[in-house]
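# What the coordinates show
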Amino acid sequence: MTDILRVDMLTRHFGGLAAVSNVGLRLAEGELVGLIGPNGAGKTTVFNLLTGVYPPSAGTITFSRDGRELALGGRKPDVVCRAGIGRTFQNIRLFKDLTVLENVEIALQQNHRYSLAASFFRLPPFARTEALVREESMELLALMGLAKVAGEQARNLPYGDQRHLEIARALATRPTLLLLDEPAAGMNPAETAELTGLIARLRTEFGLTILLIEHDMSLVMKICERIYVLDHGVVIASGSPGEVRANPRVIEAYLGEEV
Amino acid sequence: MANPMVRTLLTRGVPLLLLYAVVLAGLNLGLIDDYLMATIATLCINIVLAVSLNLITGFTGQFSLGHAGFMAIGAYTTGLITIAVPTVPGFIAGLLAGGLLAALVGFLIGLPTLRLRGDYLAIATLGLAEIIRILLNNVEFTNGAAGLAGIPQMMDWNWFFILTVGSVLLIRNFLRSSHGRNAIAVREDEIAAESIGVDATRAKVLSFTVGAFFGGLAGGMYASYFYFIKPDTFGFLKSIDILVIVVLGGLGSLSGSVIAAVLLAAISTVLQQFTAVRMILYALLLVIIMVFRPQGLMGSREVSLRIVGRLFTRKPTEPDEPEATR
């Protein structure tokens, strides 16, 4: 099986602070991998480096799609997204004043373009493409159980639905690799269990490779095939959930917390 | 009534045509004198200016302080071309050239500044408008500070109607397309927009360039109606005037901009009789509105002509399609 993502010696300094140093990651196609670590370990910074929010200070990010390898280090976020990496955010970043449908449409329309003239003069490609985008968006919303609230403003959704909408919006970009930043944050155990099932389902349905950051150990241990543990910006352990759980350095990093 | 296109034309077209006919009749019957027509002309120009600035500032979230600069480019281009070719085709070419030149300048100033996050555009546009004004004051072929006189007056009510309605309609179509939604997404959350594949720089530059085009067009309308232009007409205060209309109507509401432009035109007409205290009352009114409605008259909501149109189509129970643009 080929690696869809190869990260080598990834480093990012903020002033004198090395938020991430020499991080290496490998993701095989179709894998579901967890990235865990205590608060401030640099997990979200790794995501931000992978998606181009910050350029790396050093290191390489290689993403492969359809047998072609792309060097993504330092590329802009929209370029990374169009390459095939979708993401969600730890602190939900929806377009809050727009409707649920519009949130998904904006992501989806990036793959369905028409000219400026078509939009000014409502030429045939406009109506055709808009109908297509709307239809595909509604399908995606139905899949995520959000079809009924398609016309609501995103800000009015309950918290759990907002998380679902963020995932729907990321899926609308047609990614092959999905990065989920604490998808279960703020959810109760029942919601987390539901989310666990959803992630597994989406993975098969969309043929996704998933890298997820999570604090909720039950979720990580249950669905991740491999886990990377980050502490102070360094990968201190990696392996299967069983291996990671037994690793003394991991236990130490979590200050004796049961993992 | 089955055809949605026909219905749209009826519900929105009928009130507009009625407005057109009323003013036309007023002009022919002598009920609208030169002074009132000048007010209507200024109103139409202000609507185009405000709607195009709202596209940049309200919908795309980019603060621009130099809209009068684009207006100046359009005004002088249209003026010079219609002086050289005083015919209707010359006038149309002048308007288009003015808009396109303004768009080109907008593109060139937008490209470097809009790549950055933050309010660099405000400073750049402020500087740009001043540079344009000072250039026009000092170069020979625009007749410098004395101004450009004797521009053939091609604008009449027909042209004002076509150009104003056309501009608002085109900008509305733009906003309710994928291009417009990209721009709105950038305003809402630039990082999130980029993370789903929106090229934020492209979206911002596109909105700004389109806004600049219509700013230039409005300048051309001004030059051709008032047939005399001078650089100081397009100073910083003019940019602020336009911004006031946009903020008053509501950032992100096209109909708000139109309503605010009408309201301000009405207020200044009424206040005309209190010459001494006119500006004080005007300012006071703005302060009061901003205290009680800081989000502007319309916030980011839209009101459609359909509401008026329903009076004519006798289908009051027809359900609303959702207003997509905000």
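Refer to the structure presented above.
What you are looking at is a predicted structure, and each value in this text was computed from that prediction instead of being measured.

Rules behind the numbers
The numbering scheme is per chain: residues are counted from 1 as the chain's sequence reads. Chain labels run from A onward and ligand labels from 1 onward, assigned in the order the entries are written. Predicted model: local features are reported for residues with pLDDT of at least 70 only, side-chain atom pairs are reported and counted for 80 or more only, and whole-chain, interface and lining totals are derived from all residues. Here the side-chain values reflect all heavy atoms present in the structure, with hydrogen atoms and water set aside. Numbering goes from the N terminus for both helices and strands, where a helix is a DSSP run of H or I of at least four residues and a strand is a run of E of at least two. Computation of the radius of gyration draws on C-alpha atoms, with the globule rule given as 2.2 Å multiplied by the number of residues to the power 0.38. Partly exposed residues are those whose accessible area sits between 20% and 50% of the maximum for their type, while under 20% is buried and over 50% is exposed, using a 1.4 Å probe and protein chains only. The contact rule is simple, with two residues in contact once any of their heavy atoms fall within 4.5 Å. The accessible surface values rely on the Shrake-Rupley method and a 1.4 Å probe; as for residues, cover is taken only from the protein chains in view. A residue counts as positive if it is Lys or Arg and as negative if it is Asp or Glu; His and the chain ends are not included. Note on charges: their place is set at NZ of Lys, CZ of Arg, CG of Asp or CD of Glu. Here the quantity called buried area is the total loss of accessible area, with a 1.4 Å probe, experienced by two parts when brought into contact, counted for both. Counted as salt bridges are all cases of a side-chain nitrogen of Lys or Arg within 4 Å of a carboxyl oxygen of Asp or Glu. For the purposes of these results, a polar contact is taken to be a pair of N or O atoms within 3.5 Å, where, inside protein, one atom must be able to donate a hydrogen and its partner to accept one; residues adjacent in sequence count only when each atom of the pair is a side-chain atom. Strand pairing requires that DSSP identify at least two bridges connecting the strands. All axes here are fitted lines through C-alpha atoms, helices being fitted over the stretch that makes contact, and every angle between N-to-C directions spans 0 to 180 degrees. In these notes, a set of buried Ala, Val, Leu, Ile, Met, Phe, Trp, Tyr and Cys residues joined through side-chain atoms within 4.5 Å is what counts as a nonpolar core.

Summing up its helical and strand segments, chain B has 13 helices and 0 strands in all. Listed by position from the N terminus, the elements making up chain B come as α-α-α-α-α-α-α-α-α-α-α-α-α. Relative to a compact globule of 326 residues, whose C-alpha radius of gyration would be 20 Å, chain B shows 20 Å and is just as compact. Based on the C-alpha atoms only, the size of chain B along its principal axes is roughly 60 × 60 × 45 Å. The burial tally for chain B puts 52% of its 326 residues in the buried class.

What follows deals with the overall build of chain A. In terms of regular secondary structure, chain A is built from 10 helices and 10 strands. Taking 18 Å as the expected radius of gyration for a compact globule of 259 residues, we find that chain A reaches 19 Å, a close match to that expectation. Across its three principal axes, chain A shows a C-alpha extent of roughly 65 × 40 × 40 Å. Looking at chain A as a whole, 54% of its 259 residues are labelled buried. Sequence-distant contacts, at least 24 apart, represent 68% of the contacts inside chain A between residues at least 6 apart. For chain A, the exposed surface amounts to about 10,900 Å²; the carbon and sulfur share of it is 54%. Charged side chains in chain A number 27 positive and 30 negative. The centres of these two groups are separated by 6 Å.

Taken residue by residue, the interface counts 31 residues in chain A and 30 residues in chain B. Summed over both sides, the interface of chain A with chain B buries roughly 2,800 Å², with 55% coming from carbon and sulfur. The largest share of the area that chain A buries against chain B comes from Phe95(A), Phe120(A) and Arg122(A), three residues that together contribute 20% of it. Along the contact surface separating chain A from chain B lie 4 salt bridges. Counting every contact that joins chain A to chain B gives 16 residue pairs in polar contact (both at pLDDT 80 or more).

Right, let's get into the sheet that holds strand E5 (residues 68–71) of chain A. All names here are of chain A. Taken together, the 4 strands give an open sheet; going across it, the order is E2-E1-E4-E5, and neighbouring strands pair in antiparallel fashion. Edge strands, defined here as strands with exactly one partner in the open sheet, are strand E2 (17–28) and E5. In this sheet, neighbouring strand axes are inclined to one another by 20° on average, regardless of whether the strands run parallel or antiparallel. In this sheet, E2 lies alongside strand E1 (residues 3–14) in antiparallel orientation, the contact comprising 8 bridges. Following the sheet pairing, Phe14 is matched in E2 by Leu17. Sheet strands in contact with helix H1 (residues 43–50) are E1, E2 and strand E4 (58–65), and its direction is about 115° off that of E1.

Moving on: the nonpolar core. Within the largest apolar cluster, 141 residues are counted, with the highest numbers of intra-cluster contacts made by Leu165(A), Phe160(B), Ile229(B) and Phe234(B). Those residues in contact with Ile229(B), other than ones at most four positions away along the chain, are Ala75(B), Tyr76(B), Gly147(B), Leu148(B), Ile151(B), Tyr222(B), Ala223(B) and Phe234(B).

Let us look at the environment of Val235(A). Residue and element names in this part refer to chain A. Residue position: Val235 is located in strand E10 (residues 234–239). Judged by its relative accessible area of 25%, Val235 falls in the partly exposed class. Every residue in contact with Val235, bar those within four places of it in the chain, is listed here: Val23, Gly24, Tyr228, Val229 and Leu230.

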